[in-house]
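What the coordinates show
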Amino acid sequence: MPTLRLDLLALMASLCSLLGSNAGAGGLKTGDTFPDLQAAGLEGHCPADLKGKTVLVDFWASWCGPCKQSFPVMEELHKQYGPRGLVIIAISVDQNKRDMADFLKKNPVSFAVLRDAAQKLVARVDVAAMPSSFLLDGQGKVRFIHTGFHGAETRKEYERQIESLLGK
Amino acid sequence: MNRAGTQALKPEPQPAEPGCQHPAAALALAAALYLMQLNRAASQDHFDYRFENYQEDNGRMGVQTQTWLFEKTVKPWLTLRGQVVYDAISGNTPIGSPPPSQIKSPFPLPPPLSTSVPTAFLRDNRWAGEFEAALNYGPHHLTPQFSYSSEHDYLSYGAALNYSLDLNEKNTSLNLGWAHDWDSILPNGATYIFTKQHKNTDDILIGASQLLGPNTVLTFDFTFRNSSGYLSDPYRGVLFDDYPQGDPNHPSLFAERRPDYRECYIAYASVMQYIKALRGSAEGSYRFYADTFGIFAHTVGVAWHQKIGPRLVISPLFRYYEQSAADFYGTQFAGDPSNPYDTTRIPAYYSADYRLSHMETFTYGAEVSARVLSWLTLNLGFKRYEMMGLDGVTSPSAYAHASILTVGSRVWF
Amino acid sequence: MRMKFILLLALASGCIPMTGCQHVKPWQRGALADPIMTADLDPVGTQQAEHVFFSREAASGGRGVGGGGCGCN
């Protein structure tokens, strides 16, 4: 057995050559100003005047499992906080428009849905996972970031954070 | 029955008692049905059932296997998986003797003697279960697993631990695995053993998965295994040439003897490539195997997954396997272990199990999978499995040729 | 035999970063999320097939560890 342990250490050491640099740490952070959506070259109708409004920007894709769960939750948030001024903008990164259309057929929503066909905005924002969402205040600054969607836990956080932003 | 010297010889095998209804399967089914009704929203949780009918040609072995599996994410950090397997095994299997036509006998017997290896009928049922809990914490994934298998002549308890680490924004995954099996081989009227035997096996795996691009996944795995204890087949015998035989149609055999220690080294690599233009993906794999029994084996597998329409996937596959013979393999051996005056040197280890011979196998077939409803997938598959000897000595009749039919379903909940 | 195995392992693991990897960002994982790209599309089917091979061939394993033993080999 001692010889086996030495062999294992040798194996671990050699495998450490796989540990390249951890890429992707340069994304948008809280406090940063979110890029201008009107100028981002997105497909679809972008809500015009976002100044002074609380905005939830969500990056999603038809192939992303947790996105199927997040859509009904966002629809409920839209119904609950829309009248109080919350704007939800869901941006798909689908390269195939039909995939996005099929997803929306199965998960119909009434908030704004756009498509980042060239995947340029999402690359600029450099999200860490799919889906990722950003809560922006009236000045367009990122106040809260959600990486992934974790069901009831994420929903509670959304409610708490939106309340705090709308309350101001 | 023929007995020889101090070596016990195998009498006619007795069919095993048929298995009775096992409460574990009913429990697993009840648990799965309960979990299913909890939440029908779009989810990755699922319950699988699959039936496989493995049938060798010419009345050889047939196995009907049923598998029930459930997987449920109970918390964002915890996914549970459980599986129950039931095998019904019956059919004829070679006993280790060469064909009667190749056995020398002092008595003149009318030809023709059979050129096929003698077989014996076996029947058994096997229940097996596995349970694992996948724990996730950021890039860390730890999965302990427990397994159990029970047949009338074999009992196995297993424990395993798998760890994987996501790196480079999930472009790289490092994997470590360890497993230990505690096995017992149980005697019965048909075995060459008379007391319970034990076998212990350790497996260690180190591997990595790497994305080569948005359409390509490369995987490497290295496994080291060691087994110790009773490693022979308790049902198979060997023929010693100089032991006096009576009727070659009912040869007298000695218990086989394999080493009680075995180290295995395995290197495995696979590639998965997505081909958007064809709406399909290709899968290729290669495995190199070497062990201290003297066996070297190469395995190459290719499969294609073709999407047809929005719901159907058809997957043809082909697998080629080739192995060298074990150092101690032979169809028959010189000498007579029971005769103290026989000067022929008896090897330390000897086996005539055709599965240790120099041979190749071909597996080919296809499976169709259809997502008939958003929550239901059905699948149907057919494969042929052909074994062929390559040493020119082992009788072709020893090797199995089988048809494998599978039918299954997956319910998403 | 063990030393040769370790050297092979070291060589292979050193090769992986040199294979010209294109880093895949989270939003570029559409193809990888397709069910036909799942590492093990049908775990039960794979296990049943591996069980057949284990019962008839001298070599076994290589893709993973665990799953317990049986008297079929």
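Everything that follows concerns the structure shown earlier in this document.
Read on for a plain summary of the structure. Source: prediction; values computed, not measured.

This part takes up the overall build of chain B. Of the regular secondary structure elements, chain B holds one helix and 18 strands. Look at the contacts in chain B between residues 6 or more apart in sequence, and 61% of them connect residues 24 or more apart. Surface exposure of chain B reaches about 18,500 Å², of which carbon and sulfur atoms provide 62%.

This part is about the nonpolar core. Ranked by internal contacts, the top residues of the largest apolar core, which has 48 residues, are Phe34, Leu37, Phe59, Ile89 and Phe134 of chain A. Secondary-structure elements contributing two or more residues to this core are strand 1 (55–60), helix 2 (65–81), strand 2 (87–92), helix 3 (97–106), strand 3 (112–115), helix 4 (120–125), strand 4 (132–136) and helix 5 (152–167) of chain A. Tallying contributions element by element places helix 2 of chain A first for this core, with six residues. When residues no more than four places from it in sequence are discounted, the contact partners of phenylalanine 134 of chain A are Leu28, Phe34, Val55, Leu56, Val57, Phe59, Val125, Val127, Val142, Phe144 and Ile145 of chain A. Residues Phe328, Leu356, Met387 and Tyr399 of chain B belong to the second largest nonpolar core, which totals 31 residues.

Let us look at the state of the cysteines. Within the structure shown, the criterion is met by one disulfide over all chains. Two residues, cysteine 64 of chain A and cysteine 67 of chain A, share a disulfide whose sulfurs are 2.1 Å apart. On the S-S bond that ties cysteine 64 of chain A to cysteine 67 of chain A, the torsion sits near 90 degrees, and the link is right-handed. Comparing cysteine 64 of chain A with cysteine 67 of chain A, the two get one shared label, buried. Among the cysteines around cysteine 46 of chain A, which has no disulfide bond, cysteine 67 of chain A carries the closest sulfur, lying 19 Å off. With relative accessibility at 12%, the residue cysteine 46 of chain A sits in the buried group. Lacking any disulfide linkage, cysteine 264 of chain B is separated from the closest cysteine sulfur, that of cysteine 70 of chain C, by 15 Å. For cysteine 264 of chain B, a relative accessible area of 1% puts it in the buried group.

Criteria and cut-off values
Residues numbered from 1 in each chain as written. Chains lettered and ligands numbered in written order. Predicted model: local features only at pLDDT ≥ 70, side-chain atom pairs only at ≥ 80, totals over all residues. Heavy atoms only, no water. Helix = DSSP H or I, 4+ residues; strand = E, 2+ residues; numbered from the N terminus. Contact = heavy atoms within 4.5 Å. Areas by Shrake-Rupley, 256 points an atom, 1.4 Å probe, with all protein chains shown as cover. Core = buried A, V, L, I, M, F, W, Y, C linked by side-chain atoms within 4.5 Å. Buried < 20%, exposed > 50% of the residue type's maximum accessible area, 1.4 Å probe, protein only. Disulfide = S-S within 2.5 Å.

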